[in-house]
Amino acid sequence: MHGRRRLGDGHGHGRGAAGSSSPRGARRGKLACWAAAAASRRRGALLLAPLLYLALMLVMVGRWEWDLEPPVPVRVGVAILRRAPPPGSVYRSPRVFHELWPFMQADVNHSSALMTAWHQKATQKWKPCLPKRLLKAELPPSNGYLIIEANGGLNQQRMSICDAVAVAGLLNATLVIPIFHFNSVWRDSSKFEDIFDEEYFTETLKNHVRVVKELPPEILQRFDNNISNILNLRSKALSSKTYYLQKVLPKLLDLGAVRIAPFSNRLAHSVPSSIQGLRCLTNYEALRFSKPIRSLAERMVHRMVNNSSINGGKYISVHLRFEEDMVAFSCCTYDGGQQEKNEMDKARERSWRGKFRRPGRVISPEANRRNGKCPLTPLEVGMMLRGMGFGNTTSVYVASGKIYNAEKYMAPLRQLFPLLETKETLASADELAPFKGHSSQLAALDYTVCAHSEVFVTTQGGNFPHFLMGHRRYLNEGHSKTINPDKKKLVLSFNNPNIRWDKFKRNMQEVLHHSDLKGITLRKPDASLYTFPMPDCMCQQAEA
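Residues numbered from 1 in each chain as written. Predicted model: local features only at pLDDT ≥ 70, side-chain atom pairs only at ≥ 80, totals over all residues. Heavy atoms only, no water.

Novice: Describe the pairing of strand E10 (residues 316-319), with residues and values.
Specialist: Of the two faces of E10, the one carrying Ile316 and Val318 and the one carrying Ser317 and His319 are both buried. The sheet contact formed by E10 and strand E13 (residues 455-458) spans four bridges and is parallel. Across the sheet, residue Val318 finds its bridge partner in E13, namely Val457. (Buried < 20%, exposed > 50% of the residue type's maximum accessible area, 1.4 Å probe, protein only. Helix = DSSP H or I, 4+ residues; strand = E, 2+ residues; numbered from the N terminus. Pairing = 2+ DSSP bridges.)

Novice: Run through the packing of aromatic side chains, naming residues and quoting values.
Specialist: Under the counting rule described, the total for this entry stands at 20 aromatic pairs. Note on Phe329 and Phe356: the rings are 5.8 Å apart at their centroids and 85° apart in plane angle, and the pair reads as edge-to-face. Taken as a pair, Phe329 in helix H12 (residues 324-330) and Phe356 in the loop between helix H13 (337-352) and helix H14 (365-370) lie far apart in primary sequence, 27 residues in all. A ring pair is formed by Trp352 and Phe356, whose centres lie 5.8 Å apart and whose planes are at 85°; its orientation type is edge-to-face. A relative accessible area of 24% places Trp352 in the partly exposed class. Put simply, the rings of Phe180, Phe192, Phe196, Phe201, Phe289, Tyr447 and Phe464 pair up and form one aromatic cluster. Here the guanidinium or amino end of Arg348 rests over the ring plane of Phe356, the centre of that ring lying 5.9 Å away. (Phe/Tyr/Trp six-rings, centres within 6.5 Å; stacked < 30°, edge-to-face > 60°. Lys NZ or Arg CZ within 6 Å of the ring centre and 35° of its normal.)

Novice: Go over the pattern of salt bridges, please, and point to the residues and values.
Specialist: Applying the stated rule across the entire model yields 21 salt bridges. In this structure, Arg299 and Glu431 form a salt bridge, with 3.2 Å as the shortest nitrogen-oxygen distance. Here the residue Arg299 occupies a position in helix H11 (residues 291-307), and Glu431 occupies one in helix H18 (residues 429-432), the gap between them amounting to 132 residues. Here Lys314 makes a salt bridge to Glu454, at a shortest N to O gap of 3.5 Å. Here Lys314 is found in the loop between H11 and E10, whereas its partner Glu454 is found in the loop between helix H19 (439-451) and E13, with 140 residues between them in sequence. For Glu454, a relative accessible area of 13% puts it in the buried group. Linked by salt bridges that have partners in common, Asp197, Arg288 and Arg294 make up one network. (Salt bridge = Lys/Arg side-chain N within 4 Å of Asp/Glu carboxyl O.)

Novice: Provide a residue-level description of the confidence of the model for the protein chain, including the pertinent values.
Specialist: For the protein chain, the average pLDDT comes to 87, and 82% of its residues sit at 70 or higher. Predicted confidence is poor over residues 1-24, with pLDDT under 50, and the contacts of this stretch with residues over four places away or in other chains come to five contacts. Every residue in residues 58-77 is under pLDDT 50, and counting partners more than four places away or in other chains gives 34 contacts. (pLDDT = per-residue confidence, 0-100. Contact = heavy atoms within 4.5 Å.)

Novice: Tell me about the state of the cysteines, residues and numbers included.
Specialist: Put plainly, two cysteines are in a disulfide when a covalent bond ties their sulfur atoms together. Following the criterion strictly, the structure yields three disulfides and no others. Two residues share a disulfide in this structure: Cys280 and Cys537, whose sulfurs sit 1.9 Å from each other. Judged by the sign of its S-S torsion, about -70°, the bond between Cys280 and Cys537 is left-handed. Highlighted residues: Cys280 in helix H10 (residues 273-286) and Cys537 in the loop between helix H22 (501-518) and strand E15 (538-540), separated in sequence by 257 residues. The pair formed by Cys280 and Cys537 is uniform in burial state, with each residue classed as buried. Once the bonded cysteines of the protein chain are numbered in order along the sequence, the disulfide links fall as 1-6, 2-5, 3-4. Considering cysteine sulfurs only, Cys280 is the nearest to Cys162, which forms no disulfide, with 9.3 Å between them. (Disulfide = S-S within 2.5 Å.)

Next up, the structure:
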């Protein structure tokens with residue numbers, strides 16, 4: 001017994017000494033292991049801290065960009081960071097072009113782009129026609145004389161003339177050839193007969209609306225031979241048929257003559273079909289340009305066709321709105337730095353005196369670019385067209401005023417499209433001399449060359465492209481054949497210097513495809529038939 005106890009005591013003492021047999025010893029062992037693991041983890045964390053810091057910095061670089069002079073700097077060590085603007089906010093097109101130019105030069109698979117740009121089914125084709133209600137056996141006696149004053153540039157004047165004919169028809173009035181207001185912006189002293197063929201205009205309308213060159217002397221004598229003494233009815237924009245019949249007609253019958261000045265956009269878009277028919281007849285048939293303009297414009301079109309023989313006589317026309325006043329008005333920034341800012345500030349002050357410095361007015365060039373409000377540069381137009389598949393053998397006609405900093409901004413477009421023409425290169429100085437100083441007459445030359453191109457590109461909106469799209473639909477069986485890019489999407493491709501050439505091309509070809517789909521569009525009630533002539537001015541062709 002005693003030996004067993006000693007053996008047992010001795011054995012128990014040995015396990016207790018090792019700390020592994022009793023419950024207390026087991027707990028102590030676990031605590032020791034936990035402490036060792038914790039120490040190991042702490043040492044690991046200390047070792048990982050620099051790596052975690054570097055990883056965090058890499059993530060932040062993705063959301064921030066380095067800048068030497070940020071507007072609101074945030075210092076991290078010695079670096080200065082600022083939050084990167086959202087995609088599409090900054091003009092980076094030259095950088096993108098620099099990266100893509102080698103791929104553009106190597107890509108020669110674009111020989112048929114001019115031939116395949118547009119797709120139109122036989123069931124989508126339209127032809128010019130006038131509503132049957134427009135035809136009259138003879139005109140009833142006139143209710144008096146309507147005098148209007150057309151203001152603005154070429155196509156604003158055009159709209160005023162067409163609407164004036166429509167109102168004269170509605171009131172059964174005799175229309176006096178419209179007076180052109182001398183505009184301080186356009187600074188063009190041209191009269192109606194300088195821009196349009198007055199005799200042809202009167203002859204075309206003679207069975208629908210009476211037109212005279214000036215007021216008869218006996219009528220003018222009633223107003224002391226002073227046209228300013230004639231009552232001026234200042235109608236509101238987009239006035240309805242009812243307004244003219246209830247407000248204007250009684251005055252016309254009472255006085256024998258009324259004036260409406262200014263007369264721009266003064267008739268509603270939706271009026272009875274007989275009145276719409278007068279708009280159609282005037283815009284698409286009666287208003288042809290004067291003989292001097294027509295003669296030179298036809299020669300210019302012929303030269304563009306000859307220059308485009310490699311593409312079957314087909315060429316592209318571009319309405320480029322990158323004049324100094326357009327860039328200034330947009331409040332967008334490009335890559336001209338402080339010099340550009342100074343020039344734009346002066347241009348804004350010169351033309352709009354304090355408008356952009358009013359208290360509370362916030363101007364955000366970055367937001368303007370993201371929202372598609374910035375005029376496309378010549379470079380951006382060229383990149384877009386090359387991405388769509390138009391190669392450097394394509395003839396391009398540029399319709400524009402004086403391009404801002406033309407030597408710098410036009411150079412890359414000429415690099416992309418060497419066969420580039422303007423009215424100054426397509427016509428001689430002697431040919432253009434009679435039109436110098438007359439912006440509307442020069443615009444008429446551009447209008448004609450653009451109307452006959454296979455592809456028309458609009459870059460900034462305005463009356464010129466809106467009227468031209470309508471005219472092209474009238475000439476091209478209902479299809480405008482116009483590239484009208486969504487610039488909110490376009491700037492995303494121009495903003496990314498890392499974009500691949502194949503991705504850039506896909507993006508541009510989507511723009512072309514979308515323009516093709518929108519080429520045939522019927523007029524909606526709140527839209528203008530000067531842009532959308534179907535169905536008011538055109539009839540759908542029957543299937544053969």
